[in-house]
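Tertiary structure, described
These are the residues of each chain, in order.
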Amino acid sequence: MIPTISQERLTQVFLELIAVSSESLDERKAADLLTQKLHELGFSVVEDKAGEKLGGNAGNLYGFLKGTIPGEPLLFSAHMDTVKPGRNKKPILHEDGIFTSDGTTVLGADDAAGLAEILEGIRSVRESGLPHRDIEILFPVAEEIYIQGSGVFDFSRIRAKEAYVLDMSGEVGSAAVRAPSLISFRVTVNGRASHAGFAPEKGVHAIAAAAEAIVHIPQGQADEETTCNIGTITGGTAKNIVPEQCVCIGEVRSFSHEKALQWIEIINRAFADAAERFGASFEMETQEVLRTYRVPDNAPVVSRFQRACAALGLSGTLRSTFGGSDNHNYLNAGISGIVISCGMQCVHSTEENISIPELMNGAALVAQLIQDE
Ligand SMILES: [Zn+2]
């Protein structure tokens, strides 16, 4: 059954969430507002200590609501933080039904759209007196800074086996079932300082050695499922000194974890060869930020999503994303999750926008999912 989604209430909650400044690690006001909204819906709510652990002012919000349809709960997730510039957001509703910011900040539909759609989807079903499953929600902090909030969440609390993460751009009705590994690296090349005019031959040029390595590293698409990028390079102290040190920071992303590791090895070798040629030394630190996943097309979480889309006349398209989300942490914790579009566009920019019909579709999709047996 399709309950009545209240456009007025949905847009009002969306605007209330947008009005709150909640850049990463400053989610206090958003957490308080959402706790109140969840209590109104009948959820029991627990806030964890993620704020203390990460240096923020709020924890992840976990909520549970008892349902009437038997079976494990379904987990719905959307993150509470926004990217910068996200303070004092002033949303504008245009005549064509599209929300934007005033151009000086992001809109914050990422991820207020997901939050508002989850709340209205559940509320509409409750108000219509329709049966629904047990529902768990997780609203993490610090998603935008390498999914750190959900990274410190205690997943032993979660009973759901399926997660729906409302945190993807594009039309409601599509879902990402595959996401990459991401390994970041930091290479420090150590040469020897010397006066550039009087005794250049006594120096070892760390920047030149790094440059020699970098020309042997593909930038951009490295193979059909992998990208490499050296993102910053810093080094040297003055124009008349042979630079002693050069630091290069970058990342490798791949749908194959093995390939990501292989490219890290190739990068390591490029620096090793260049360092040797120049008489420099180097060290390379790496960090596994994300681990690739692929949810099978016939997994229950996918079938349920596609059934719900079909009932609402939405496409139910499955695709890949090359970005990270809290879903990486859910998969790591053994929860079969997919990332679903909540209608936002041009996220992480001041052009960010979303339309009222897309918000309505997102809420309807949540309402449909929680009624699925
Ligand atoms: Zn997001």
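Residues numbered from 1 in each chain as written. Predicted model: local features only at pLDDT ≥ 70, side-chain atom pairs only at ≥ 80, totals over all residues.

Some thoughts on the overall build of the protein chain
Definition in use: Helix and strand labels come from DSSP, where a helix needs a run of H or I of at least four residues and a strand needs a run of E of at least two; each type is numbered from the N terminus. Note on burial: count the other C-beta atoms lying within 10 Å of the residue's C-beta; 20 or more is buried, 12 or fewer is exposed, in between is partly exposed, and C-beta positions come from the backbone. Each residue is represented by a C-beta atom placed from its backbone, and any two residues with such atoms within 7 Å are regarded as in contact.
Check the secondary structure of the protein chain and you find 10 helices and 17 strands. On the principal axes, the C-alpha backbone points of the protein chain span a range of 85 × 45 × 40 Å. In the protein chain, which comprises 373 residues, the proportion classed as buried is 49%. Restricting to contacts in the protein chain with at least 6 residues of sequence separation, those with at least 24 account for 76%.

Section: the packing of helix α1 (residues 7–19) against helix α4 (residues 109–127)
How we decide: Axis definition: a line fitted to C-alpha atoms, limited for helices to the stretch in contact. Angles are taken between N-to-C directions and run from 0 to 180 degrees. Roughly parallel covers angles under 35 degrees, roughly antiparallel covers those over 145, roughly perpendicular covers 65 to 115, and oblique covers all other angles. Handedness of a crossing follows from how the near helix is turned relative to the far one, being left-handed for an anticlockwise turn of less than a right angle and right-handed for a clockwise one.
Contact pair α1 / α4: the axes reach a minimum separation of 9 Å and the direction vectors enclose 140°. The angle between α1 and α4 falls in the class oblique. In terms of crossing hand, the pair formed by α1 and α4 is right-handed. Counted together, R9, L10, V13, F14, L17 and I18 of α1 and A112, A113, L115, A116, L119 and E120 of α4 form the full contact between these two elements.

Some words on the sheet that holds strand β17 (residues 353–355)
Let me state the cut-off plainly: Strands qualify as paired when DSSP identifies two bridges or more between them.
The sheet built from three strands is open, its strands ordered β4-β5-β17 with antiparallel pairing. With one partner strand each, in any of the chains shown, β4 (92–93) and β17 form the two edges of the open sheet. In this sheet, β17 lies alongside strand β5 (residues 98–100) in antiparallel orientation, the contact comprising three bridges. By the bridge assignment for β17, I98 is matched with S355.

Quick look at the pairing of strand β11 (residues 226–235)
For strand β10 (residues 220–223) and β11, the ladder comprises three bridges, and the chain directions are antiparallel. Its bridge partner lying in β11, G220 is registered against C228. Taking the residues between adjacent antiparallel strands as the criterion, β10 and β11 are bridged by two residues. Bridge analysis of β11 against strand β12 (residues 245–254) gives nine bridges, and the strand direction is antiparallel. Bridging across to β12, T226 finds its partner in S254.

Comments concerning the domain arrangement of the protein chain
What counts, and what does not: Where each domain begins and ends is defined by an automated method or by a domain database. Under the scheme applied, nonpolar residues are Ala, Val, Leu, Ile, Met, Phe, Trp, Tyr, Cys and Pro; charged residues are Asp, Glu, Lys and Arg; polar residues are all the others, including Gly.
Domain parsing of the protein chain yields domain 1 (7–179 + 292–371) and domain 2 (181–290). A separation of 38 Å is found between the C-alpha centroids of domain 1 and domain 2. Between domain 1 and domain 2, the contact holds six residues from the first and nine residues from the second. Considering only residue class, the side of domain 1 that touches domain 2 consists of two nonpolar, three polar and one charged.

Some details on the environment of A142
The residue A142 is located in the loop between β6 (133–139) and α5 (148–151) in this model. You can call A142 buried: it has 28 C-beta atoms within 10 Å. Those residues in contact with A142 that sit more than four places away from it in its chain are S24, L25, L54, G56, D81, Q148 and G149.

Examining helix α6 (residues 206–214)
The complete set of buried residues in α6 reads A206, A208, A209, A210 and A213. Structurally, α6 contributes buried residues whose contacts are with β9 (181–190), β11, β12 and α7 (257–278).

Points about the nonpolar core
Side chains that are nonpolar tend, in soluble globular proteins, to be buried together. Counted only if it meets this: Defined on buried residues, the nonpolar core groups Ala, Val, Leu, Ile, Met, Phe, Trp, Tyr and Cys residues joined through C-beta atoms within 7 Å.
One finds A116, I338 and I340 to be the most contacted residues of the largest nonpolar core, which totals 77 residues. Among the elements that make up this core, the one with the highest residue count is α4 (nine residues). Here A116 is in contact with L10, V13, F14, L17 and L359, once residues within four sequence places are set aside. Residues L182, I183, A206 and F278 belong to the second largest nonpolar core, which totals 27 residues.

Observations regarding the sheet that holds β12
Either a parallel or an antiparallel arrangement is found when strands of a sheet pair, and the pairing is made through backbone hydrogen bonds. The strand order β10-β11-β12-β9-β13 describes an open sheet built from five strands, whose pairing is antiparallel. Looking at which strands have only one partner, the edges of the open sheet turn out to be β10 and β13 (281–290). Across the sheet, the axes of successive neighbouring strands diverge by a mean angle of 25°, strand direction being ignored. Across the sheet, α6 is in contact with β9, β11 and β12; its angle to β12 comes to roughly 20°. Together, β9, β10, β11, β12 and β13 form the strand contacts of α7, whose direction differs from that of β9 by roughly 10°.

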